[in-house]
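Residue-level listing of the chains:
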Amino acid sequence: MRKDTRLTIRLLLPLSLLLGLFSLSACVKDLDLERIDLGQVLNTAQQAFGEVDVQQETLIGKEAVSVLLGAVPLLENDPLQRYVNQVGHWVALHTERSDLAWKFAVLDSPDINAFAAPGGYILITKGLLLKLQSEAELAGVLAHETVHVVRKHHLAAVQQGARLDLAVQLGRAGVDEKHEETMEKLSRGFKELYARGLDKNDEFEADRMGVVIAARAGYDPYGLPAVLQTLAGMSPDDTSLAFLFSTHPAPARRLSLLERLYDRLDPYARQPQLQQRFEQQIASLRSRS
Amino acid sequence: MMRRLLLPLLFALFLSPLQAQEQGATVLLDSLLRAEPYIDAEVIGKLKARAPVTVVERSGGWYQVRDSRNRSGWLRMSAIRLGDGSSAGGDSGIGQTLRFLSTGRSGASGVTVATGIRGLDAADVANAIPDHEAVRKLDRHRTSAAEAQRFARSAGLRSHQFDYLKEPQ
């Protein structure tokens, strides 16, 4: 379904560009259809929605993550930041983009949430960490986030959501850090996207692939479902969940989709949860809050 | 006197993380309580839909629970929802979705209307001033692939081949 949408957009865009040209040319007498450079129109649209190379993706990701870090500061806790990077990088090695420069970080917020940005940036809040009960649960959350990067959910969304001019600019000129106007448009696009959230099907896909990635990395794959159970068990009126709930499908709905896959996860269910290592690592955080 | 106060306090301090894991839950569908976390383990009781239980621990896709008659056994993770059932809402999760919608915090705009103590929300992100210096700080804690591998091996984590699962129909 998602593919269809994307395909439709791919097809519609050149079409709407053409229509734009038509309406423009309606003012021009003696319209010569053959004169319209169809190739050029198609090319631009193709570039706008085609592949972005890793270097450009990283630049886009930097701008995206700077928006999030502008809203919430990093947690000042080097050992914990390092631990989350170790778990996260290990998990990310079990995705198709193992060679990305993955960077993980803990945000100093009591809110419960996690974010991903293009190029391999993953952020998790202190509030969510404190709700987790094992390294397998942390791995499950981080695996879910890596899928957004691997499947380029944000890139696709920002290209679809933003006005055509941004997409064309990215495609034609490339992303140039020094080009302030482009960067400004980029951060505006990501502000909108993070405030709105991804498509719910992107979230379901991240759940479905996330449990597999956690299992590949040797963890009990039920970590992510366990986190969703915890969230489902909290009061929907809990303010620390408000932003997460406004940008994600309800945890019960996510669970009901994952549950159909449980039989396939069972061969890996006895893999370690690593509760002790997790508790040791976040002990300082628990005692402070 | 001091000791009488101190002992429970120490208990509370050290045991609280364990106790915190005990959580109320609600049975979703009529279910069989099993002696062990296996599909072919001995059945030791039956639980009705909507029955309240207490979750003691988790093993893979199973929860160890205690019911109102103080019977202890294992249930499939999909047989219960943590919480009091108000948000359990059956297998489709419609109940929760409806309740969630009625709180007025979701909707097409996805913009949160903040009340009370406010955490991170859509407005914070929308009004954020991009912090590039903080992005550079992320490099400080980056790990190499080799380091991540050492870290995983030290806890006995081992990689497996496992193909992605198709979207359930």
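What you are looking at is a predicted structure, and each value in this text was computed from that prediction instead of being measured.

Some remarks on the pairing of strand E3 (residues 121-125) of chain A
All names here are of chain A.
- Most of E3 sits inside the fold, with 5 of its 5 residues counted as buried.
- Of the two faces of E3, the one lined by Tyr121, Leu123 and Thr125 and the one lined by Ile122 and Ile124 are each fully buried.
- As defined by bridge partners, strand E1 (residues 103-107) adjoins E3 across 5 bridges and the pair is classed as parallel. When the sheet's bridge partners are listed, leucine 107 is paired in E3 with threonine 125.

Let's talk about the side chain of serine 66 of chain A
- On the secondary structure map, serine 66 of chain A appears in helix H3 (residues 54-71).
- A residue is classified by how much of its surface remains accessible, and serine 66 of chain A, at 0% relative accessible area, is buried.
- Not counting residues up to four positions away in its chain, the partners in contact with serine 66 of chain A are Ile129, Pro130, Asp131, His132 and Val135 of chain B.

Looking at the interface of chain B and chain A
- Each partner contributes to the interface: chain B provides 73 residues, whereas chain A provides 90 residues.
- Contact with chain A buries surface across chain B, with Leu120, Phe162 and Tyr164 of chain B losing the most and accounting together for 11% of the total.
- Across the contact surface, chain B and chain A share 7 salt bridges.
- Arginine 76 of chain B is the salt-bridge partner of aspartate 266 of chain A, the closest N and O atoms lying 2.6 Å from each other.
- In this structure, the connection of chain B to chain A is made through 28 residue pairs in polar contact (both at pLDDT 80 or more).
- Elements with a contribution of two residues or more to the side of chain B that touches chain A: strand E4 (52-59), strand E7 (80-82), helix H2 (94-102), helix H3 (122-126), helix H4 (132-137) and helix H5 (145-153) of chain B.
- If you tally residues by element for the side of chain B that touches chain A, the top one is H5 of chain B, at 6 residues.

Digging into H3 of chain A
Residues and elements named next belong to chain A.
- The first and last C-alpha atoms of H3 sit 26 Å apart over 18 residues, in line with the 26 Å expected at 1.5 Å per residue.
- Of the positions making up H3, those classed as buried are Gln56, Glu57, Leu59, Ile60, Gly61, Glu63, Ala64, Val65, Ser66, Val67, Leu68 and Leu69.
- For H3, the N-terminal cap is aspartate 53; the gap from its side-chain oxygen to the backbone nitrogen of glutamine 55 is 3.2 Å.

Considerations on the sheet that holds E1 of chain A
Residue and element names in this part refer to chain A.
- With mixed pairing, 3 strands are arranged side by side in an open sheet as E1-E3-E2. Edge strands, defined here as strands with exactly one partner in the open sheet, are E1 and strand E2 (114-117). Pairs of neighbouring strands in the sheet enclose a mean axial angle of 15°, with direction left out of account.
- Its contacts with the sheet place helix H4 (residues 78-92) against E1 and E3, and it is angled at close to 140° to E1.

Some points on H5 of chain B
- Restricting attention to buried positions, one finds in H5 of chain B the residues Glu147, Ala148, Phe151 and Ala152 of chain B. Seen end-on, H5 of chain B carries its buried residues on one side only, within an arc spanning 135°. In H5 of chain B, the exposed positions angled more than 90 degrees off the buried face are occupied by Arg150 and Arg153 of chain B.
- In this structure, the buried residues of H5 of chain B make contact with H4, helix H6 (135-150) and helix H15 (275-288) of chain A.

Focus on the nonpolar core
Residues and elements named next belong to chain A.
- Ranked by internal contacts, the top residues of the largest apolar core, which has 79 residues, are Ile124, Leu129, Leu138 and Tyr219.
- It is H6 that contributes the most residues to this core, 9 residues altogether.
- Judged by nonpolar contacts, the second largest core, of 33 residues, contains Leu68, Phe115, Leu155 and Val158.

Some details on the environment of leucine 224 of chain A
Residues and elements named next belong to chain A.
- In this fold, leucine 224 is placed in helix H11 (residues 223-233).
- Look at leucine 224 and you get buried, because its relative accessible area is 4%.
- In this structure, the C-alpha to C-alpha distance between leucine 224 and alanine 143, residues 81 residues apart in sequence, is 8.7 Å.
- Residues within four places of leucine 224 in sequence aside, it is in contact with Gly140, Val141, His144, Asp207 and Val211.

Remarks on the packing of aromatic side chains
All names here are of chain A.
- Per the counting criterion, the structure on display carries 7 aromatic pairs over all chains.
- Considering the side-chain rings of tryptophan 102 and phenylalanine 104, the 6.2 Å spacing of their centres and the 20° angle between planes classify their relative orientation as stacked.
- For tryptophan 102, a relative accessible area of 0% puts it in the buried group.
- When its relative accessible area of 1% is taken as the criterion, phenylalanine 104 is described as buried.
- Centre to centre, the rings of phenylalanine 190 and tyrosine 194 are 5.9 Å apart; their planes meet at 35°, and the pair counts as tilted. Of this pair, phenylalanine 190 and tyrosine 194 both sit in helix H9 (residues 180-196), 4 residues apart, roughly one helical turn.
- Look at phenylalanine 190 and you get buried, because its relative accessible area is 0%.

Thoughts on the confidence of the model for chain B
All names here are of chain B.
- Of all residues in chain B, 67% have pLDDT values of 70 or greater, and the mean over the chain is 78.
- Least confident of the elements in chain B is H2, whose mean pLDDT is 37; most confident is H5, at 98.
- Per-residue pLDDT stays below 50 along residues 10-20; that stretch engages in 1 contact with residues further than four places along the chain or on separate chains.
- A low-confidence stretch, residues 88-117 (pLDDT under 50), is modelled with 49 contacts involving residues beyond four sequence positions or located in other chains.

With respect to the confidence of the model for chain A
- The predicted model of chain A averages 84 in pLDDT, with 76% of residues at 70 or higher.
- Under a pLDDT of 50 for its full length, residues 17-46 of chain A has, in the predicted model, 16 contacts with residues more than four places off or in other chains.

Regarding the pattern of salt bridges
- Applying the stated criterion to the full structure yields 19 salt bridges over all chains.
- Between arginine 151 of chain A and glutamate 205 of chain A there is a salt bridge, with its nearest N and O atoms 3.1 Å apart. With arginine 151 of chain A in the loop between H6 and helix H7 (153-161) and glutamate 205 of chain A in helix H10 (residues 200-216), the pair connects residues that are 54 residues apart, well separated along the chain.
- Taking relative accessible area as the criterion, glutamate 205 of chain A reaches 14% and is therefore assigned buried.
- A salt bridge links arginine 136 of chain B to glutamate 133 of chain B, with the shortest nitrogen-to-oxygen separation between them at 3.3 Å. You can see arginine 136 of chain B and its partner glutamate 133 of chain B sitting in helix H4, 3 residues apart, about one turn around the helix.

What counts, and at which threshold
Residues numbered from 1 in each chain as written. Chains lettered and ligands numbered in written order. Predicted model: local features only at pLDDT ≥ 70, side-chain atom pairs only at ≥ 80, totals over all residues. Heavy atoms only, no water. Buried < 20%, exposed > 50% of the residue type's maximum accessible area, 1.4 Å probe, protein only. Helix = DSSP H or I, 4+ residues; strand = E, 2+ residues; numbered from the N terminus. Pairing = 2+ DSSP bridges. Contact = heavy atoms within 4.5 Å. Buried area = accessible area lost by both parts, 1.4 Å probe. Salt bridge = Lys/Arg side-chain N within 4 Å of Asp/Glu carboxyl O. Polar contact = N/O pair within 3.5 Å; in protein donor to acceptor, adjacent residues only side chain to side chain. Expected span 1.5 Å × (residues − 1). Axes fitted to C-alpha atoms, helices over the stretch in contact; angles between N-to-C directions. Arc of directions from axis to C-beta. Core = buried A, V, L, I, M, F, W, Y, C linked by side-chain atoms within 4.5 Å. Phe/Tyr/Trp six-rings, centres within 6.5 Å; stacked < 30°, edge-to-face > 60°. pLDDT = per-residue confidence, 0-100.

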